[in-house]
Amino acid sequence: MPDRLIYYIPLALFCVLSIYLGIGLTLDPKALPSMLDGKPVPAFKLPPVKNRDNRGFSNTDLIGTVSLVNIFGSWCAACRIEHPFLMELATEKKIIIHGIDWREENPNAGGNWLKRYGDPYSLVGDDPYSKAAIAFGVTGAPETFLVDKKGIVRYKHTGPLNRKIWTNLLSPMIEKLQIRKGS
Amino acid sequence: MPRIFFVIVSSISIVTSALAVDPNEILKNPDLEARARAISKGLRCVVCQNQSIDDSDASLARDLRILVRKRLSAGDTNKQVLDYVVSRYGDFVLLKPPVKLETLVLWFSPFIIIIIGLTAGIIFFRRQRYNLKSASLSPALNNQEREKLNNMLED
Amino acid sequence: MIAELGHFTLILALSVALIQAFFPLLGAQKGNNVWISLAPPAAIFQFLLVSISFACLTQLYITSDFSVVNVAKNSNTAIPMIYKVSGVWGNHEGSLLLWVLILSIFGSAVAYFGNNLPPDFRARVLSVQSMIAIGFYTFILFTSNPFERIIPPPINGRDLNPLLQDPGLAFHPPMLYLGYVGFSMAFSFAIAALIEGRVDAAWARWVRPWTLAAWLFLTGGIALGSWWAYYELGWGGWWYWDPVENASFMPWLAGTALLHSATVVEKRDSLKGWTVLLAIITFSLSLLGTFLVRSGVLTSVHTFATDPTRGVFILGLLIFVIGGSLVLFAWRGPKLINTGFFQPISREGALLFNNLGMITATAAVLLGTLYPLFLDATGGGKISVGPPFFNAVFIPIMVPITIAMAVGPFLNWKRADLIPAFSRLKFALTLALIMTALTWVWQKNGPMAATLGMGLAVWLGIGTLSELATKLHLFRSPIGAWYRIKRLPRHKWGMSLGHLGFAIAIAGMAGAGGWTKESIQVMQPGETVTVAGYDFRFIGANHIRGPNYTSVAGKFIITQEEKLITTLVAEKRTYLVTDTLTTEAAIHTMLSGDLYAVIGDSEGKTGAFVTRLYFNPLVVWMWIGTLVMVFGALISLTDQRYRIGAPKRGRKVTVITAQ
């Protein structure tokens, strides 16, 4: 009898394979999980964006309040899509948003872009050579990190933020983080 | 929404050609440069489709190449450089997956397949001999006749 | 009108396929000769219909009819005619139409040439072919219709991807598909044999020419793709172990195994179940490749625009075709009883050894390609499996195969002795050792694998030639050699040339993979850079205009010890419609290696440019080796005994009944 069973092995292997292929269809091979979840934000110190302010942005600025860190760039088309929503968030004053202006080839571009489309950010750092971006493990813009009061990264969102993601996901998380005393 | 995002991103870093490593990136010290090239060849460009940062002209790939070179110049070992990049992007960036629990099957499967194949071969030859014996007992054809017939049938 | 005609004929083809899939099969089961005789005309009719449909799409491309979405997305009035035509298959929908066209060509070939096949067997084969075709017709008609209209039509098209506007890539897909789809013949023959419950020497001879033809095209297609990557992508690489490349390489490996095991079925009436399984696996891997490329489950350098519904559809098709055939195999496979007998050390044993190696290699490539998916699906995280993994695993598998390839042909059928075989290989061994030593001295800092590769190439090349010489008694009695050369069966030549070509290709891969010399710099006009003893003098760059691109063309004069070697013009093109850059490397090919120049961005205002200069040793040997392999397969195809349909089922049947 085991003789005949040998002939079923290819079929069995194929069944396993097709289950995986089926699951594979539901996955996005390019979506990378963040390596930073639950870890402190990496150390970085970025110079200010030209034509905006003179303060700059560093990791120590993230201690004390719950905040969002948003990676953007004037060259990034998806950031344009996201931008109006960030402006709404800023006027609603539900959370502090910091920005990392990533990979501007022209040093004036980032500042001008913010002047033109509005500036939702509290602090913005200029990162033309991906120093902070690589430290954060950024793969594309826009990306947004939720950082708690202790400066621990709690969540990473890849792609443009919008109202739906905010109400379903981010807002509840932020409320929890803000209630938690001292943490 | 993410889908749109990726369409846009990938349209920025279209797979072309072109010149990945730029002359002004190249380190003066040839040993360090050779190490940098070797490391870059093993690191996957995270914004590209499926290329190493050494082959890619995407800007993030370029920045990673520069980072690798800076760290090497600062005295990092190859392992320290790789560990840093992995700590930021995960094992995904390594084109040669590290040998660990999750990848044991991947790394050892060729051996397993060879062993299965050899075993199957041994069983095949044993069974063949057994079949021959039982066939030679059957009255229709004895071993010699069978041999003869086989030889006749060969062109 | 033309688009509607194309669409309509495709629907008609589907209906014919439905008839062809059902009635001949039923007729063969019930012994209804009328239904059996339906198969060949149906297959030819199907071919005619698909040809019309394909001609319609081609006509739409030639006339730049942008009211058709597919044309508007993938063509433009400005591109040269050849790329308007090749644009037909340079996209997902059109390439599927090419796929079914080729499928129908093979089907009608069986119908037309297969007169000597038993009618019921041929009916079954054509019916299985038609089932595959039904899957693809419905796939095209429901998810990927190339004839869809757009209102209002755009004024101009969005252009063919500039990377595809290249002669190498124009012919790469058709060759590849001839290979992929060609393996459907072996598959259909295997399924028909399973339905009949009979596999014999005649079956093996029928399968062989189709498998060989498919193998030939696939070999050519892979080489063409590799060649294209080499000159177009601009850094001298020719194989990246990308999922798409692996998708074409896996059927090649399995198909190679099939060619070898079919010989054992023919000669020894053994390995029947295994060979049938290989035929199923080979075509299944072709289908799996289609899934991987078009569903978006893996990230690859060159994928089609992906769409989840298409992925689901192809997966369904895979489950139907592969799953169905494996169910049939599990059910009917045990009926295929081996009657032959051979020793482990024998020609058959060597062929089996080839199978072991090829299947291990296939499995390793398959696992490497899919492992990121497996791990992600089980929540194990994201990993990448790239060239370093494949090289580390694949090369060690190929080494013993290559060593055995020289020995195998010396072994007698049924039972053999290794010692005389090795004694005839003394010469090859000596030369191989000398070669390895010389290479080692010459390239001390190069990779070990490349040094070893040169030794292996010599071992296999000289070993194959020695075997040929032995067969022809070239040294023992040279006088009659010419006569014996003519008498030597063609399939024997095919084998020797196939192995020889492989040896030559190994030398090329070793050279190109191991000892490439590279130099990257900014060059002022008039400056000279020396790479591997060749002086590249940069003359300067100027702008030129092509039909649908502008280009920066950099000129180099290459000399060696003051002697002029050649002039190279490397281009960097900007395709205007899509604003995409491509590099056109300038290559001068020599037997010792390729001089390879690429031009990049301009630096400053003095006319300086970034340049990349290479010396890629022995690259041309890869292409020569491939050509020799393809030529060997062609010679083998012309062998009398494998002439399509020529062998008749006869005497072997009496053996079976005699038991």
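Residues numbered from 1 in each chain as written. Chains lettered and ligands numbered in written order. Predicted model: local features only at pLDDT ≥ 70, side-chain atom pairs only at ≥ 80, totals over all residues.

1. Remarks on the overall build of chain B
Here is step 1 of the chain: For chain B, the count of helices and strands is six helices and zero strands.
Here is step 2 of the chain: Going through the 155 residues of chain B one by one, you find that 32% of them count as buried.
Here is step 3 of the chain: Considering only contacts in chain B between residues 6 or more positions apart, those separated by 24 or more positions represent 51%. (Helix = DSSP H or I, 4+ residues; strand = E, 2+ residues; numbered from the N terminus. Buried ≥ 20, exposed ≤ 12 C-beta atoms within 10 Å, placed from the backbone. Contact = placed C-beta atoms within 7 Å.)

2. With respect to the overall build of chain C
Here is step 1 of the chain: Scanning chain C from N- to C-terminus turns up 21 helices and nine strands.
Here is step 2 of the chain: If you line up chain C on its principal axes, its C-alpha atoms span 85 × 75 × 55 Å.
Here is step 3 of the chain: Taking as baseline every contact in chain C between residues at least 6 positions apart, the subset at least 24 positions apart corresponds to 75%.

3. A word on the interface of chain B and chain A
Here is step 1 of the chain: Taken together, the contacts link 19 residues of chain B with 18 residues of chain A.
Here is step 2 of the chain: Broken down by secondary-structure element, the contributors of at least two residues to the side of chain B that touches chain A are α1 (2-12), α3 (59-73) and α4 (78-89) of chain B.
Here is step 3 of the chain: No other element matches the six residues that α3(B) contributes to the side of chain B that touches chain A.

4. Let's talk about the packing of helix α6 (residues 92-113) of chain C against helix α7 (residues 119-143) of chain C
All names here are of chain C.
Here is step 1 of the chain: Where α6 meets α7, the axes come as close as 10 Å, and the angle between the chain directions of the two elements is 165°. As summarised for this structure, α6 and α7 are arranged roughly antiparallel, according to the angle between their axes. Of the two possible hands of crossing, α6 and α7 adopt the one that is left-handed. Packed against α6, whose contacting residues are L96, L97, W99, V100, L103, S104, G107, V110 and A111, the element α7 presents R122, V125, L126, Q129, I132, A133, F136, Y137, F139 and I140 at the interface.
Here is step 2 of the chain: Its residues assigned to classes, the contact of α6 with α7 comprises 15 nonpolar, three polar and one charged. (Axes fitted to C-alpha atoms, helices over the stretch in contact; angles between N-to-C directions. Parallel < 35°, antiparallel > 145°, perpendicular 65-115°, else oblique. Left-handed = near helix turned anticlockwise from the far one by under 90°. Nonpolar A, V, L, I, M, F, W, Y, C, P; charged D, E, K, R; others polar.)

5. A short note on the sheet that holds strand β5 (residues 563-575) of chain C
All names here are of chain C.
Here is step 1 of the chain: Taken together, the five strands give an open sheet; going across it, the order is β2-β3-β4-β5-β6, and neighbouring strands pair in antiparallel fashion. This sheet does not close on itself; its edge strands, each paired only once, are β2 (528-531) and β6 (580-584). Sheet twist, expressed as the mean angle between neighbouring strand axes with direction ignored, is 25°.
Here is step 2 of the chain: One ladder, built from 10 bridges, connects strand β3 (residues 534-545) with strand β4 (residues 549-560); its direction is antiparallel. From the neighbouring strand, N542 faces β4, where its bridge partner is A553. (Pairing = 2+ DSSP bridges.)

6. Structural notes on the pairing of strand β7 (residues 586-590) of chain C
All names here are of chain C.
Here is step 1 of the chain: As judged from the five bridges shared by β7 and strand β8 (residues 593-603), these two strands associate in the antiparallel manner. Bridging from a neighbouring strand, T589 pairs with D594 of β8.
Here is step 2 of the chain: Taken together, β7 and the strand that follows it, β8, pair antiparallel across an intervening segment of two residues.

7. Let's talk about unusual backbone geometry
Here is step 1 of the chain: In this model, A141(A) is joined to P142(A) through a cis peptide bond whose omega is -5°.
Here is step 2 of the chain: For the bond running from I151(C) to P152(C), omega is -10°, close enough to zero to count as cis.
Here is step 3 of the chain: Residue position: P152(C) is located in the loop between α7 and α8 (167-196).
Here is step 4 of the chain: Its identity is not glycine, yet K93(A) carries a phi of approximately 55°, on the positive side.
Here is step 5 of the chain: Relative to the assigned elements, K93(A) resides in the loop between α3 (77-92) and β4 (96-102).
Here is step 6 of the chain: On the basis of neighbour counts, which here come to 7 C-beta atoms within 10 Å, the residue K93(A) falls in the exposed class.
Here is step 7 of the chain: One non-glycine residue with positive phi stands out, namely K414(C), at about 70°.
Here is step 8 of the chain: Position of K414(C) relative to the elements: it lies in the loop between α14 (387-407) and α15 (418-424).

8. Digging into the domain arrangement of chain C
Residue and element names in this part refer to chain C.
Here is step 1 of the chain: Assigned domains within chain C: domain 1 (1-160), domain 2 (174-406) and domain 3 (517-619).
Here is step 2 of the chain: Once you take the C-alpha centre of each, domain 1 and domain 3 turn out to be 44 Å apart.
Here is step 3 of the chain: Taken together, the contact pairs six residues of domain 1 with five residues of domain 3. (Domains from an automatic or database assignment.)

9. What to know about helix α3 (residues 39-62) of chain C
Here is step 1 of the chain: Compared with an ideal rise of 1.5 Å per residue, which puts 24 residues at 34 Å, α3(C) spans 34 Å between its outermost C-alpha atoms and is within 8% of the ideal.
Here is step 2 of the chain: A positive phi of about 50° marks S64(C), the residue just after α3(C). (Expected span 1.5 Å × (residues − 1).)

10. Thoughts on the environment of A61(B)
All names here are of chain B.
Here is step 1 of the chain: Following the sequence through the fold, A61 ends up in helix α3.
Here is step 2 of the chain: Between the alpha carbons of A61 and R71 there is a distance of 15 Å; along the sequence they are 10 residues apart.
Here is step 3 of the chain: Non-local contacts of A61, meaning those with residues more than four positions away in its chain, are made with C45, C48, I53 and S56.

11. A short note on the sheet that holds strand β6 (residues 143-147) of chain A
Residue and element names in this part refer to chain A.
Here is step 1 of the chain: Here we have five strands laid out as an open sheet, ordered β5-β4-β3-β6-β7, and mixed in their pairing. In the strand order of this sheet, the two ends are held by β5 (124-127) and β7 (153-158), each with one partner. Going across the sheet, the axis of each strand differs from the next one's by a mean of 20°, ignoring polarity.
Here is step 2 of the chain: Here four bridges tie β4 to β5, and the two strands are oriented parallel to one another. If you follow D101 over to β5, its bridge partner there is D126.
Here is step 3 of the chain: The sheet contacts of helix α6 (residues 163-179) involve β6 and β7, and relative to β7 the element is tilted by about 165°.

12. Some remarks on the packing of helix α9 (residues 201-232) of chain C against helix α10 (residues 243-268) of chain C
All names here are of chain C.
Here is step 1 of the chain: Following both chains from N to C, one finds α9 and α10 inclined at 155°, their axes separated by 9 Å at the closest point. With respect to α10, the axis of α9 lies roughly antiparallel. Considering how the two elements wind past one another, α9 and α10 form a crossing that is left-handed.
Here is step 2 of the chain: Split into classes, the residues belonging to the contact of α9 with α10 amount to 15 nonpolar, six polar and three charged.

13. Thoughts on the confidence of the model for chain B
Here is step 1 of the chain: For chain B, mean pLDDT is 78; residues scoring 70 or higher make up 73% of the total.
Here is step 2 of the chain: Segment residues 1-18 of chain B is flagged for pLDDT under 50; beyond a separation of four residues in sequence, or across chains, it makes 35 contacts in the model. (pLDDT = per-residue confidence, 0-100.)

14. A short note on the nonpolar core
All names here are of chain C.
Here is step 1 of the chain: Grouped together as the largest cluster of nonpolar side chains are 267 residues, with contacts concentrated most on V100, A186, F189 and A279.
Here is step 2 of the chain: Once residues within four sequence positions are removed from consideration, V100 is found in contact with V50, A133, F136, Y137 and I140.
Here is step 3 of the chain: Counting 22 residues, the second-largest nonpolar core is a separate cluster that includes M523, F536, A541 and A597. (Core = buried A, V, L, I, M, F, W, Y, C linked by C-beta atoms within 7 Å.)

15. Looking at α8(C)
All names here are of chain C.
Here is step 1 of the chain: When the terminal C-alpha atoms of α8 are compared, their 45 Å separation across 30 residues agrees well with the 44 Å that a helix rising 1.5 Å per residue should span.
Here is step 2 of the chain: Burial runs high along α8: 23 of the 30 residues are buried.
Here is step 3 of the chain: Within two residues after α8, G197 carries a phi angle of roughly 70°, on the positive side.

16. Some thoughts on the pairing of β8(C)
Residues and elements named next belong to chain C.
Here is step 1 of the chain: Across the 11 residues of β8, eight count as buried, placing the element largely inside the fold.
Here is step 2 of the chain: Two strands pair when backbone bridges link them, and β8 and strand β9 (residues 608-617) are joined in this way by nine bridges, in the antiparallel orientation. Bridging across to β9, I599 finds its partner in T611.
Here is step 3 of the chain: Linkage of β8 to β9, two consecutive antiparallel strands, is achieved through a turn of four residues, within which G604 is found at a positive phi near 70°.

17. Here's the deal with the confidence of the model for chain C
Residues and elements named next belong to chain C.
Here is step 1 of the chain: Averaged over chain C, the pLDDT score is 90; the fraction of residues at 70 or greater is 96%.
Here is step 2 of the chain: Below a pLDDT of 50 lies the segment residues 650-659, which in the model reaches 10 contacts outside its immediate sequence neighbourhood of four places, other chains included.
Here is step 3 of the chain: Our summary of model confidence lists the complex with pTM equal to 0.91 and ipTM equal to 0.90.

18. Regarding the environment of P40(A)
Residue and element names in this part refer to chain A.
Here is step 1 of the chain: Tracing the sequence through the fold places P40 in the loop between α2 (9-25) and β1 (45-46).
Here is step 2 of the chain: For the pair formed by P40 and C15, sequence separation is 25 residues and the distance between their alpha carbons is 43 Å.
Here is step 3 of the chain: With near-sequence residues (within four places) excluded, P40 lies in contact with G151 and I152.

19. Examining the environment of I383(C)
Here is step 1 of the chain: Structurally, the position occupied by I383(C) is in the loop between α13 (347-377) and α14.
Here is step 2 of the chain: Once the C-alpha coordinates of I383(C) and P372(C) are considered, the two residues, 11 residues apart in sequence, prove to be 5.5 Å apart.
Here is step 3 of the chain: When neighbours within four sequence positions are excluded, I383(C) is seen to be in contact with D91(B), F92(B), P97(B), T103(B), P372(C) and L375(C).

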